[in-house]
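# Structure at a glance
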Amino acid sequence: MPVSGEAAEAAPRDATVLHALDGGVSWITLNRPEAMNAVTWDQRERIIALLTDASADPAVRAVVLTATGRGFCAGADLRGAPAQARERVPGDVSRTIRLGAQRLIAAVLDCEKPVIAAVNGTAAGIGAHLAFACDLVLAADTAKFIEVFVRRGLVPDGGGAYLLPRLVGPQRAKELMFFGDALTAADAERMGLVNRTVPAGELEALTKEWAGRLSSGPTRALALAKQLVNASLDGDRAAAFAAEAAAQEINMATRDAAEGVAAFVERRSPTYEGH
């Protein structure tokens, strides 16, 4: 999917992660099509920084994660990682995962703006988890999702064992993780991993439509709703109800909430400004 927008960044060091801000939407595009967009250390840090910036920037009201070429993200490309200065010792692997793949997934989950994954092709390993961490997932009908770890004799990382049971339940999650079979976009939609599957040629238009709707919505209310849903999966009803009440208390102090209520009373469409 081509990056659109008037502020595409062209610095050579950022060429593998394209970025553009278009109409309040931050487009983050993996751009290593020759490697099926396997994500390098540098790309990971760039994506994390862009998601962090999106949270703080009032001009950003929605985020899209997508890629160029035939692949969305084929997993982690460790060849771009900093060289190991010494022999590996116990604790190194878990530290690498905490500071690497888990930070990437957490950056998506914790982003204060809604994040859409526009999955244009194969999403494998951490690439699949990057998509599943997003708030909404749109996929081309040619896309595939693969829990590839078992094929390499590895335990799923990058939040897989956290994300998948919450999306499809423990039995389905184990099936995907135990066998590592490629899941078509249509099957992923049926299982609840994907919101919409469309022909590849229609993915960009649908992504722009959904991103546009989000970017014209009540941004703080969406951020609080995202936080509530994510937190509800880890707590009890009392905690969820208390968090909901607190979130509404905070939200009612925003201008968008006042505009939404006024528009309802006045029987007109609201105009949200994102604060």
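For the structure itself, look to the data block above.
Residue positions within a chain follow its written sequence, with the count starting from 1. The predicted origin of the model limits local features to residues at a pLDDT of at least 70 and limits the giving and counting of side-chain atom pairs to 80 or more, whereas totals for whole chains, interfaces and linings rest on all residues. Derived side-chain values reflect all non-hydrogen atoms in the structure, with water molecules and hydrogen atoms excluded from consideration.

### Some points on the environment of Arg196
- The numbering of helices and of strands both runs from the N terminus, where a helix is a DSSP run of H or I of at least 4 residues and a strand a run of E of at least 2. Looking at where Arg196 falls in the secondary structure, it is placed in strand E10 (residues 196-198).
- By the convention used here, residues are in contact when the closest approach between their heavy atoms is within 4.5 Å. If sequence neighbours within four positions are ignored, Arg196 has contacts with Val137, Leu138, Ala139, Glu189, Leu206 and Trp210.

### Notes on the nonpolar core
- By convention a nonpolar core is built from buried Ala, Val, Leu, Ile, Met, Phe, Trp, Tyr and Cys residues, the set being connected through side-chain atoms within 4.5 Å. Categorising residues by exposure relies on relative accessible area from a 1.4 Å probe, with only protein chains included: less than 20% of the type maximum marks a residue as buried, more than 50% marks it as exposed, and the intermediate range marks it as partly exposed. One finds Ile47, Leu51, Val119 and Phe145 to be the most contacted residues of the largest nonpolar core, which totals 48 residues.
- Non-local contacts of Leu51, meaning those with residues more than four positions away in its chain, are made with Ile28, Val63, Ala107, Val108, Cys111 and Val115.
- Listed in part, the 14 residues of the second largest apolar core include Trp27, Ile116, Ala118 and Leu206.

### Concerning a nonpolar patch on the surface
- Each patch is built from salt-bridge-free residues with over 30% relative accessible area, joining like charges within 9 Å and nonpolar side chains (Val, Leu, Ile, Met, Phe, Trp, Tyr) within 5 Å. Reported accessibility uses the Shrake-Rupley method at a 1.4 Å probe radius. Residues are deemed covered only where the shown protein chains occlude them. Every case where a carboxyl oxygen of Asp or Glu lies within 4 Å of a side-chain nitrogen of Lys or Arg is listed as a salt bridge. Among the surface-exposed residues, Met252, Val261, Phe264 and Val265 lie close enough to one another that they form a single nonpolar patch of about 460 Å² accessible area.
- By relative accessible area, Val261 is classed as partly exposed at 45%.

### Structural notes on the sheet that holds strand E3 (residues 62-67)
- Following DSSP output, two strands are said to pair if at least two bridges run between them. What the six strands build is an open sheet, ordered E1-E2-E3-E5-E7-E10; its pairing is mixed. Of all strands in the sheet, those with a lone pairing partner are strand E1 (17-22) and E10, marking the two edges. Strand-to-strand twist in this sheet, taken as the mean axis angle between neighbours without regard to direction, amounts to 20°.
- By the bridge criterion, four bridges tie strand E5 (residues 115-119) to strand E7 (residues 136-140) in an arrangement that is parallel. In the strand pairing of E7, Ala118 is matched with Leu138. For helices, the fitted axis covers only the stretch in contact; all axes are lines through C-alpha atoms, and the angles between them, taken along N-to-C directions, range from 0 to 180 degrees.

### Here's the deal with the packing of aromatic side chains
- Classification of ring pairs rests on two measures: the distance between centres of Phe, Tyr or Trp rings, Trp counted by its six-membered ring, which must be within 6.5 Å, and the angle between planes, read as stacked under 30 degrees, edge-to-face over 60 and tilted in between. Within this structure, the stated rule accounts for one aromatic pair.
- Ring plane angle 25° and centroid distance 5.5 Å describe the contact between Phe132 and Phe145, whose orientation is recorded as stacked. Placement of the pair is Phe132 in helix H4 (residues 126-132) and Phe145 in strand E8 (residues 144-146), with a sequence separation of 13 residues.
- As a reminder, the over-ring test applies to NZ of lysine and CZ of arginine, requiring each to be within 6 Å of the ring centre and within 35 degrees of the ring normal. Stacked on the ring of Tyr162, the Lys or Arg Arg166 has its end atom at 3.8 Å from the ring centre.

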